[in-house]
Amino acid sequence: MSSSRFSRFRDISLKTRLTMAVAVFFVISLALLSWLATSVSEQALEKLIVARQNSVILAMANEVDQKVELRKNALILLATDLATDDAGKEQLQEFMSHQKSLSGLFDNLAVVNLQGELVAVLHDADDRGKINLAGRDYFQEVLNHKKLFISPPQKGTKSSRPLIVMCVPVFDGNSQLRYVLAGIIELEQDSFLADLAITRIGGNGYFYVTTQQGIFVAHPESSRILADSHERPDKHPLPKAAYVALEGSLISRNGENDEAILSYRRLKSVDWIIAAAYPSSEAFVIIADVRKKITLASSGLLMILLLLGWWFMYWQLKPLQHLRNKVNNAVPDWMDTLQEKIYPKDEIGDLAKAFDDAMAKRRAAEAALSASENKLRLIADNMSAFIGYIDHEEKYTFANKRIAHLSHMEPADVIGKSMREVATPDIYDRIVRPHVVKVLNGEWTRYERRIQRYGHWEWDRVTYAPDFNKSGQVDGFFVLVEDITEFKRVQDDLMRSEERVRTITDNVPAMIAYIDANERYQFCNRNYGQIPGLEPGNLLGKTIAEVFGEQTYIELKSKIQQALHGEKVSFERYAPERNIKRFLQYEYVPDINEKGETLGYYSMVIDITARKEAELKLAASESLLRTIADNIPAFVSLIDTENRYQFINRPYETWFDLPLPQIRCQPVSSLLSGTMLQEHQTHYKLAMAGEKTEFETEISIAGQTGYYHATYVPQYDESGKVVGVNTLINDISDAKAVEKQLLALARFDTLTGLPNRNQINERMEQASARSQRNGRLMAVMFLDVDKFKRINDSLGHHAGDLVLQEFANRLRHCIRQTDLAGRLAGDEFVIVLEGLNMHSEADMVADKIVQAMTTPFNIETNSLMVTASIGVAISSEKNAGANELLKKADEALYMAKNAGRNNFKVLQLD
């Protein structure tokens with residue numbers, strides 16, 4: 001807003017401005033409340049409608065699934081009744097004519113021979129011999145796969161009405177395919193999908209059904225049935241994700257601004273998707289009506305409040321005019337003429353009283369400020385350091401009593417004097433002036449000075465802090481002068497102490513240094529000068545890589561990191577760098593402060609070349625022993641009292657992937673790690689205590705892990721003291737492999753390769769514990785092969801074994817990798833399903849197994865129809881016991897057998 005517009009706004013009376021402000025705040029608040037209320041209501045209503053619609057479509061889907069399953073089961077039962085070897089065409093026709101009870105499920109039924117000719121029909125018997133189905137895809141599908149098949153929706157050749165054909169194979173007594181039984185279902189028949197197409201959700205919501213390929217199966221517009229939804233989509237089409245999902249809901253929007261709540265669900269019995277669309281305009285009509293009423297009511301209320309607000313402000317603010325006149329006409333010395341008054345008991349009266357009280361408080365504040373300044377002066381005068389303030393003209397405006405010690409002048413005497421006058425011209429020009437110039441330029445400065453006072457020398461630390469005004473200019477600066485004479489004395493004592501430490505370290509026969517946390521040298525003794533081309537003074541501030549080279553640093557890096565993490569490190573190495581060519585013993589000692597922080601580490605390096613040469617001479621005498629040991633197919637070593645390898649045979653090179661010289665004399669802890677190191681430490685201590693010890697462990701050598709047997713034997717000297725440990729480690733991987741193979745044979749069925757009863761019981765208990773712990777469902781299936789004894793009696797036990805092997809193989813392909821399929825005994829099998837979200841998942845697996853067994857078993861030269869009966873037990877929220885599930889599954893299995901076999905029954909634990 002420009003300044004002129006702001007001035008015009010300020011010219012408006014206060015009551016008008018307040019009324020406008022109240023109106024604006026009211027409008028904004030009303031709008032926000034209306035928006036919030038309607039938004040919350042819409043969201044809650046949308047969730048309610050979506051939940052209701054999902055329940056409706058679930059019921060519709062279950063109803064269609066039941067209709068399809070009813071027709072499947074009826075067709076399978078009829079095919080079972082048709083299974084005969086010698087029935088002629090007339091006998092079949094006679095049989096079909098008595099199936100009138102199936103007219104409510106199928107528009108027609110037909111028995112078709114393998115050449116595609118109609119042998120018998122339920123209706124229109126004259127069509128026999130006139131229609132041939134050999135070229136129909138659904139007929140060929142049944143011939144090829146020998147199991148039930150439902151054709152895609154298509155137009156009937158005779159009736160021209162949309163229909164589907166449900167086909168099932170008919171086998172004779174020898175399990176040979178003899179006929180195909182076909183059932184015709186018209187999609188628009190009243191008992192199938194016609195009632196779904198006319199069902200409405202609310203006033204204008206509707207249902208429709210499509211196949212996975214997008215072909216309409218049912219729709220309120222009958223002209224769309226059999227149409228491709230991709231070419232002629234519904235005004236609320238299914239998204240691509242719906243064709244791969246089980247169920248879902250979304251808000252559908254089309255180009256005509258027509259929104260709808262779209263829900264969909266895939267059918268279990270057939271590869272179709274049922275969808276429901278409910279127009280949003282109808283769903284949210286209540287919210288729109290409420291929003292309109294709220295807007296009208298709030299607009300009227302706003303106009304009334306504006307008028308009342310303006311009148312009320314005018315009436316309430318009228319006394320302010322009287323207060324303004326009072327302020328303008330007040331005499332300068334009002335405090336002397338002030339008389340006790342009676343104020344109105346409202347905000348205006350309070351304002352007048354507050355005005356009078358404020359003037360009274362002002363005088364009290366001035367008195368308090370004076371007292372505060374006196375208190376500040378008292379504190380400053382009792383401080384041990386000098387505190388002062390100097391303005392931009394370098395004149396004192398404040399000084400505490402400490403000034404008397406510095407200049408032999410009292411605080412009152414220095415006020416108004418310049419720094420040059422107080423400090424003396426010589427000291428000011430030589431010491432003070434350069435720092436004053438800096439602070440007056442806005443730079444904070446600190447320096448130290450040595451001045452003679454009262455016959456002896458004193459040290460001062462002087463701090464100048466600039467005082468900036470609001471415009472950023474320096475009005476003056478604060479001065480702080482501290483006496484650091486005692487600090488300087490302690491500092492001198494510390495320097496003399498450091499000189500004594502250096503004298504001691506310079507005469508120790510070792511290279512001693514201190515390296516900080518940044519890995520830079522901060523101290524080194526003169527023995528570093530023995531290294532060719534190196535001056536000790538040149539090391540300070542440099543890193544190890546800068547002094548000894550990057551390769552040496554890489555070699556020492558892990559040891560340095562150990563020391564910087566607070567660990568004392570000791571190791572030996574040969575030092576070829578900088579032409580040293582000596583064997584060195586390193587000791588790293590961390591420098592840890594009282595907080596536990598590592599500030600750096602002390603390094604001591606000792607020349608151990610003489611000791612190493614003696615060790616090499618000893619190695620020569622061991623040559624014969626090594627020749628023998630190197631050819632033993634085992635790991636042989638001698639470990640000394642410092643837990644270092646003093647002797648090792650050639651196989652260790654393969655183990656550690658290092659040459660023998662790099663392994664010998666190295667600490668065991670630098671070569672072993674993990675479990676092997678822990679086991680070694682335990683048995684090494686026992687052997688050092690004089691005890692022979694043995695253990696088995698796993699070792700990874702050249703990328704292959706094997707099992708090894710280790711023996712630790714103490715090594716004694718002439719006096720009987722343990723001076724080391726002899727170790728012998730043999731490879732026992734082959735023996736362990738045989739042991740594992742025997743263990744596996746005890747847990748798996750030798751015929752089918754499935755887990756046997758022992759493993760089934762063990763894994764069922766584990767699955768039960770997991771299910772009870774995570775709250776997820778689990779299911780146990782008890783299966784057996786229908787009429788398996790007849791197969792054994794007719795074809796022999798060898799054929800029976802082949803049937804069981806094929807049966808087990810099909811079971812493996814029907815379950816997930818995380819599920820368990822096992823054989824109890826004979827033809828009894830068990831399946832354990834874990835992590836189920838709903839009961840229907842177990843139903844789907846059981847149905848999948850039943851369907852998998854419909855394909856004939858090719859056993860030697862015979863093609864057998866083998867079926868299975870399945871009992872399914874599902875856990876509950878309170879009970880998932882393994883024994884209870886197995887008993888319940890056995891009970892369900894007998895129910896399935898009593899229901900005619902080749903099916904499954906499901907029971908749930910209480």
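Residues numbered from 1 in each chain as written. Predicted model: local features only at pLDDT ≥ 70, side-chain atom pairs only at ≥ 80, totals over all residues. Heavy atoms only, no water.

### Quick word on the nonpolar core
Counting residues in hydrophobic clusters, the biggest one holds 50 residues, and the most contacted among them are F106, V111, L181 and W272. Broken down by element, the residue count for this core peaks at 12 residues, all from helix 2 (residues 14-82). Residue contacts for F106: discarding those within four places in its chain leaves R71, A74, L75, M166, G183, I184 and I185. Judged by nonpolar contacts, the second largest core, of 35 residues, contains A799, V803, F807 and L833. (Core = buried A, V, L, I, M, F, W, Y, C linked by side-chain atoms within 4.5 Å. Buried < 20%, exposed > 50% of the residue type's maximum accessible area, 1.4 Å probe, protein only. Helix = DSSP H or I, 4+ residues; strand = E, 2+ residues; numbered from the N terminus. Contact = heavy atoms within 4.5 Å.)

### As for the pattern of salt bridges
Scanning the entire structure with this criterion turns up 29 salt bridges. Here E642 and R644 are joined by a salt bridge, their closest N and O atoms 3.3 Å apart. In this structure, K897 engages D784 in a salt bridge whose closest nitrogen and oxygen atoms are separated by 2.7 Å. On the criterion of sequence distance, the pair formed by K897 in helix 27 (residues 882-898) and D784 in strand 28 (residues 777-785) is long-range, its members being 113 residues apart. Given the relative accessible area of 8%, D784 is considered buried. Each of R449, R453, E458 and D460 takes part in one network of salt bridges that share partners. (Salt bridge = Lys/Arg side-chain N within 4 Å of Asp/Glu carboxyl O.)

### Here's the deal with the environment of A260
Among the secondary structure elements, A260 is positioned in strand 11 (residues 259-266). Along the chain, A260 and A276 lie 16 residues apart, while their C-alpha atoms are 9.5 Å from each other. Those residues within four positions of A260 in sequence are excluded, and the remaining contacts are H236, L250, I251, S252, Y278, P279 and S280.

### So, the packing of helix 24 (residues 788-795) against helix 25 (residues 797-814)
The N-to-C vectors of helix 24 and helix 25 enclose an angle of 140 degrees; their axes lie 7 Å apart at closest approach. As summarised for this structure, helix 24 and helix 25 are arranged oblique, according to the angle between their axes. Contacts from F788, I791, N792 and L795 in helix 24 reach H797, A799, G800, V803 and L804 in helix 25. (Axes fitted to C-alpha atoms, helices over the stretch in contact; angles between N-to-C directions. Parallel < 35°, antiparallel > 145°, perpendicular 65-115°, else oblique.)

### Considering helix 14 (residues 485-506)
Here helix 14 contains 22 residues, and its C-alpha end-to-end distance of 32 Å stays within 8% of the 32 Å for a straight helix at 1.5 Å per residue. Lining the buried residues of helix 14 we find strand 15 (445-453), strand 16 (456-468), strand 18 (511-516) and strand 19 (521-524). (Expected span 1.5 Å × (residues − 1).)

### Considering the sheet that holds strand 24 (residues 645-648)
Strand order in the open sheet formed by 5 strands is 24-23-27-26-25, with antiparallel pairing between adjacent strands. Only two strands of the sheet have a single neighbouring strand rather than two, namely strand 24 and strand 25 (693-701). Each adjacent strand pair in this sheet contributes to an overall mean axis angle of 25 degrees, direction not counted. Taken together, the 9 bridges between strand 26 (residues 704-716) and strand 27 (residues 722-731) define a ladder with antiparallel strand orientation. Bridge pairing in strand 27 links Y716 to V722. (Pairing = 2+ DSSP bridges.)

### Focus on the pairing of strand 14 (residues 396-399)
The pairing of strand 13 (residues 386-391) with strand 14 spans 3 bridges and is classified as antiparallel. Each bridged residue has a counterpart across the sheet, and for I390 the counterpart in strand 14 is Y396. In sequence, strand 13 turns back onto strand 14 through a hairpin of 4 residues, with E394 there showing a positive phi of about 65 degrees.

### Structural notes on the packing of aromatic side chains
Enumeration over the complete set of coordinates arrives at 23 aromatic pairs. Here the guanidinium or amino end of R461 rests over the ring plane of F487, the centre of that ring lying 5.7 Å away. Lying over the aromatic face of W459, K488 brings its terminal NZ or CZ to 4.7 Å of the ring centre. (Phe/Tyr/Trp six-rings, centres within 6.5 Å; stacked < 30°, edge-to-face > 60°. Lys NZ or Arg CZ within 6 Å of the ring centre and 35° of its normal.)

### Concerning the sheet that holds strand 20 (residues 569-575)
Spatially, 5 strands are ordered 19-18-22-21-20 in an open sheet, and the strand pairing comes out antiparallel. Each edge of the sheet is formed by a strand with only one pairing partner; in this case those strands are strand 19 and strand 20. Taken over all neighbouring pairs, the strand axes of this sheet differ in orientation by 25 degrees on average, direction set aside. Sheet topology note: the strand 18/strand 19 ladder contains 3 bridges and is antiparallel. Across the sheet, residue I515 finds its bridge partner in strand 19, namely Y521. The sheet strands contacting helix 16 (residues 550-564) are strand 18, strand 20, strand 21 (582-592) and strand 22 (598-607), and the helix crosses strand 20 at an angle near 170 degrees.

### Comments concerning the confidence of the model for the protein chain
In the predicted model, the protein chain carries a mean pLDDT of 83, and 86% of its residues have values of at least 70. Between the elements of the protein chain, mean pLDDT differs from a low of 44, seen in helix 8 (residues 334-337), to a high of 94, seen in strand 33 (residues 868-874). Across residues 330-338 the pLDDT falls below 50, and counting only partners more than four positions away or on other chains, this stretch makes 6 contacts in the model. (pLDDT = per-residue confidence, 0-100.)

### Quick notes on the side chain of K612
Positionally, K612 belongs in helix 17 (residues 609-621). Relative accessible area serves as the criterion here: at 9%, K612 is assigned to the buried category. Leave out the neighbours within four places in its chain, and K612 touches E572, F583 and C665.

### As for a nonpolar patch on the surface
A contiguous nonpolar surface patch, about 410 Å² in accessible area, is contributed by V24, F25, I28 and L32. With respect to the helices and strands, the residue V24 is situated in helix 2. (Patch = residues over 30% accessible without salt bridge, like charges linked within 9 Å, V, L, I, M, F, W, Y side chains within 5 Å. Areas by Shrake-Rupley, 256 points an atom, 1.4 Å probe, with all protein chains shown as cover.)

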